[in-house]
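Structural features, examined
Okay, here's what each chain looks like letter by letter:
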Amino acid sequence: MKKILASLLFLTLSTLMYSQEVIALYPSGIPNSKPSKDEEVTTKRDAKHISISKISRPTLTIFLAPQSTANGTAVVICPGGGYVNNAAGHEGYEVAKALNEMGISAFVLKYRIPRDSIMVKKEIGPLQDGQRAIQVVRERAKDWHVNPARVGIMGFSAGGHLASTVATHLNQPEIENKNNINLRPDFLILLYPVISFTDSLAHMGSRKALIGPDAKPDMVNAYSNELQVTPKTPPTFLVHAGDDKTVKVQNSIVFYEALLKNKVPAEMHIYPGGGHGFGMENSTTPDKWMDHLKNWFEMNGWLKK
């Protein structure tokens, strides 16, 4: 009986821990959308590996840091998935909980998958969702005990392309912004990111999904984010593996070089092994990149209350 009660208690606590508030990103209507059915599909291999595809109704899943330890910093998280799905578990919810342990509130973005059938201009759909996520967090900063001057964005793989697009396309607001909310993230965190859409570096699956197989050179350049870095690009933290065969490590390198050229503070960690999509756990090394990220937060004063 005691074992049964203990198991029930564990299950109850687990349910409470994993249940989070989820809000619609656009409660008054989704911009740049065509009338369509909700065809969203969620596939769960286990608690860490959750894939969400055919997303047409974007949301934010809210992970607020406990008030006793919250420091006011917030991070919008963009999971990867090649612009075909969202890897919402190990590149979303699990990361959000780890950030909560640092006193940082996290907001996992379920962004739209670009498809001509649901969007007027599919190439701007994810960017709209990323900009809107930053806007919502700043608009509701008081409700969530967030400092609006400490709102960053984080992205994995294709989510890293989205995050770096939000952080570099600062003169390209794609959403309504009547209150002139600042859409620039205060910092940028990129994990094995898709950065470039150039022929030599691109993850072709992401490029094809976002801008199409026959994109013209000006479109390719516009979404090659190493070419969009300016001195206004926010401070950046990058992690990649040298043996990544899915997204070449040169994506992070060329972005880092562009940051240095524009005198943007940047820190980069390149592991010799690890491949692609390792989330927080690179099995080839005992080193934890999250520890380096925490040090980077602390160095920049983002862990102070």
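Residues numbered from 1 in each chain as written. Predicted model: local features only at pLDDT ≥ 70, side-chain atom pairs only at ≥ 80, totals over all residues. Heavy atoms only, no water.

1. Comments concerning the overall build of the chain
Keep this limit in mind: By the criteria applied, helices consist of DSSP H or I runs no shorter than four residues and strands consist of E runs no shorter than two, each listed in order from the N terminus. Throughout, the radius of gyration refers to the C-alpha atoms, and the reference size of a globule is 2.2 Å times the residue count to the power 0.38. Working definition: with a 1.4 Å probe on protein chains only, accessible area under 20% of the residue-type maximum means buried, over 50% means exposed, and in between means partly exposed. In this analysis, two residues are considered to be in contact whenever any of their non-hydrogen atoms come within 4.5 Å of each other.
On a plain count of helices and strands, the chain comes out with 8 helices and 11 strands. A globule of 305 residues ought to have a C-alpha radius of gyration of about 19 Å, and the chain, at 19 Å, matches this closely. In terms of overall dimensions, the chain has C-alpha extents of about 65 × 45 × 40 Å along its principal axes. Counting only residues that meet the buried cut, the chain has 54% of its 305 residues in that class. Within the chain, contacts between residues at least 6 apart in sequence are counted, and of these 78% link residues at least 24 apart.

2. Thoughts on the sheet that holds strand β3 (residues 50-53)
Which entries qualify depends on this criterion: Each pair of strands is called paired provided DSSP finds at least two bridges between the two strands. Orientation is described by axes fitted as lines to C-alpha atoms, over the contacting stretch for helices, and by angles from 0 to 180 degrees between their N-to-C directions.
One open sheet holds the 3 strands; their spatial order is β2-β3-β6, and the pairing between them is antiparallel. One side of each edge strand has no neighbouring strand; the edge strands of this open sheet are β2 (41-44) and β6 (85-87). Each adjacent strand pair in this sheet contributes to an overall mean axis angle of 15°, direction not counted. Where β3 meets β6, 3 bridges bridge the pair, whose relative direction is antiparallel. Within the sheet, the bridge partner assigned to Ser-51 lies in β6 and is Ala-87. Against the sheet, helix α2 (residues 89-100) makes contact with β3 and β6, and its axis sits at roughly 45° relative to β6, the strand it touches most.

3. Quick notes on empty space enclosed by the protein
Gaps left between atoms are located by rolling a probe of water-molecule size over the structure's atoms. Convention followed: In this analysis the probe radius is 1.4 Å and the grid spacing 1 Å, with only protein atoms considered; a cavity is a set of points the probe fits into but cannot get out of, a pocket is an open set with protein on both sides within 12 Å along at least five of seven lines, and lining residues have an atom within 4 Å of a point. Grid points are joined across faces, edges and corners, and a volume is the space filled by probe spheres set on the points. Residues are grouped as follows: Ala, Val, Leu, Ile, Met, Phe, Trp, Tyr, Cys and Pro are nonpolar; Asp, Glu, Lys and Arg are charged; every other residue, Gly included, is polar.
For the structure shown, the criterion picks out 1 cavity of 30 Å³ or more. Looking at the largest cavity, the residues that line it are Tyr-83, Glu-123, Pro-126, Leu-127, His-161, Leu-162, Thr-165, Leu-210 and Tyr-223. Only α3 (125-139) and α4 (158-168) provide two or more residues apiece to the lining of the largest cavity. Of the residues forming the lining of the largest cavity, the biggest block, 3 residues, is contributed by α4. Counted by class, the lining of the largest cavity contains 6 nonpolar, 2 polar and 1 charged residues.

4. A look at the packing of α3 against α4
What counts is decided by this rule: Every angle not falling under 35 degrees, over 145, or within 65 to 115 is termed oblique; those three ranges are roughly parallel, roughly antiparallel and roughly perpendicular. Helix crossings get a hand from a simple test, with the near helix turned counterclockwise from the far one by less than a right angle marking a left-handed crossing and a clockwise turn marking a right-handed one.
Running from amino to carboxyl end, α3 crosses α4 at an angle of 65°, the nearest separation of the two axes being 9 Å. The angle between α3 and α4 falls in the class roughly perpendicular. In terms of crossing hand, the pair formed by α3 and α4 is right-handed. Contacts between α3 and α4 pair Pro-126, Leu-127, Gly-130, Gln-131 and Ile-134 from the former with Leu-162, Thr-165 and Val-166 from the latter. Its residues placed into classes, the contact of α3 with α4 shows 5 nonpolar, 3 polar and no charged.

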